[in-house]
Amino acid sequence: MNNIKIFTRILILICVLAAMVLTIGILGLSGIAQSNDALKTVYEDRVVPLGQLSSVQRLMLRNEMAMVSALSETTPDGISKAVNEADENIVAFNKVWGEYMATYLTPEEAQNAKGFAEAHSLLIQDGLKPTIAALKSGKTEEADRLVRDKIRPLVTNAGRYMSALFKIQFDVSAQEFKAATARFELIRLVVIGATLAGLGFAVWFGLALMRSISVSLNKVIEISNAVAQGDLTHTIQISGKDETVELMTSIATMQNLSLIHISEPTRRTPISYAVFCL
């Protein structure tokens, strides 16, 4: 590790830890966004349609009850009231059903919605309208037969499609919940793994950095103490490229220069003496 400068090693540690934190943050934000999208899907495409389907079913049954009520009260006012209620229910039905069809439908849901629309159309054409016409003409027996033989079976037939549509809402909501749970488990595992890996790397790299710096500084202290005590023959082993190695190189250079300055007067002394004797 001494071949890498201390600044570079610290920079590596900072960059790796920053990358870990950034990765965990991105995963967290991504998980939150996906959970938000899932909740939006459940609300807009499942909860809201459940309310719409409930309204559609209620309006269909109210039309049936309006005809039954008209049979029990065959006065002009009773019949007129029932007919007006049925007309209002049909208008409200068409509005709510159009809103439901504008939501996202799975292929299975679209197929059942088509079947329900066709069944309800038969209910209106073959059941409700002939019954209203019979009531207006005063043919109560015919109206009673139509309610018994047409309206009720057609309502039951449409109800089968309606039950399937309700079931689809619950099934898709359950699928979204399972997908969100699986996504949460995956993100949690990744975050835990990334956190542990980051901590492990930080501990390992930090200890290695501390050890390399400590060893190098101890060598520098040892050499400096030897030079301070006048020992200029201390062997300095240099290996690596970091700042402490540069410091030891400088001390070694200083030691060699000191040896040169000390040895030069020693070499010149005999010559000076010889000249003096002459």
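Please read all numbers here as calculations on a predicted model, not as lab measurements. (Residues numbered from 1 in each chain as written. Predicted model: local features only at pLDDT ≥ 70, side-chain atom pairs only at ≥ 80, totals over all residues. Heavy atoms only, no water.)

## Some words on the nonpolar core
With 37 residues, the main nonpolar core has M67, W97 and F116 as its most contacted residues. Contributing elements (two or more residues each) for this core: α1 (6-72), α2 (76-101), α3 (107-136) and α4 (140-228). Sort the elements by how many residues they give to this core and α4 lands first, with 10 residues. (Core = buried A, V, L, I, M, F, W, Y, C linked by side-chain atoms within 4.5 Å. Buried < 20%, exposed > 50% of the residue type's maximum accessible area, 1.4 Å probe, protein only. Helix = DSSP H or I, 4+ residues; strand = E, 2+ residues; numbered from the N terminus.)

## Topic: α2
With 26 residues, α2 extends 37 Å from end C-alpha to end C-alpha; this agrees with the ideal 38 Å at 1.5 Å per step. Those residues of α2 not exposed but buried are G78, I79, A82, V83, A86, N89, I90, F93, V96, W97 and Y100. (Expected span 1.5 Å × (residues − 1).)

## With respect to the confidence of the model for the protein chain
Averaged over the protein chain, the pLDDT score is 82; the fraction of residues at 70 or greater is 81%. Within the protein chain, α3 carries the highest mean pLDDT (92), whereas helix α5 (residues 243-277) carries the lowest (57). For residues 267-278, every residue scores under 50 in pLDDT, and the model assigns this stretch zero contacts once sequence neighbours within four places are set aside. (pLDDT = per-residue confidence, 0-100. Contact = heavy atoms within 4.5 Å.)

## Observations concerning the packing of α2 against α3
Axis separation between α2 and α3 bottoms out at 12 Å; the angle between their running directions is 165°. As judged from the angle between their axes, α2 and α3 are roughly antiparallel. When you trace α2 past α3, the crossing you get is left-handed. Only E109, A113, F116, A117, H120, I124, L128, I132, L135 and K136 of α3 make contact with α2, whose side of the interface consists of I79, V83, A86, I90, F93, W97, Y100 and M101. Class assignment for the residues of the contact of α2 with α3 results in 15 nonpolar, one polar and two charged. (Axes fitted to C-alpha atoms, helices over the stretch in contact; angles between N-to-C directions. Parallel < 35°, antiparallel > 145°, perpendicular 65-115°, else oblique. Left-handed = near helix turned anticlockwise from the far one by under 90°. Nonpolar A, V, L, I, M, F, W, Y, C, P; charged D, E, K, R; others polar.)

## With respect to the pattern of salt bridges
Here the idea is simple: oppositely charged side chains can pair when their charged atoms come close. Applying the stated rule across the entire model yields nine salt bridges. Ionic pairing is found between R148 and D149, a salt bridge with its closest N-O pair at 3.6 Å. Judged by its relative accessible area of 42%, R148 is partly exposed. On the basis of relative accessible area, D149 is assigned to the partly exposed category, the value being 41%. (Salt bridge = Lys/Arg side-chain N within 4 Å of Asp/Glu carboxyl O.)

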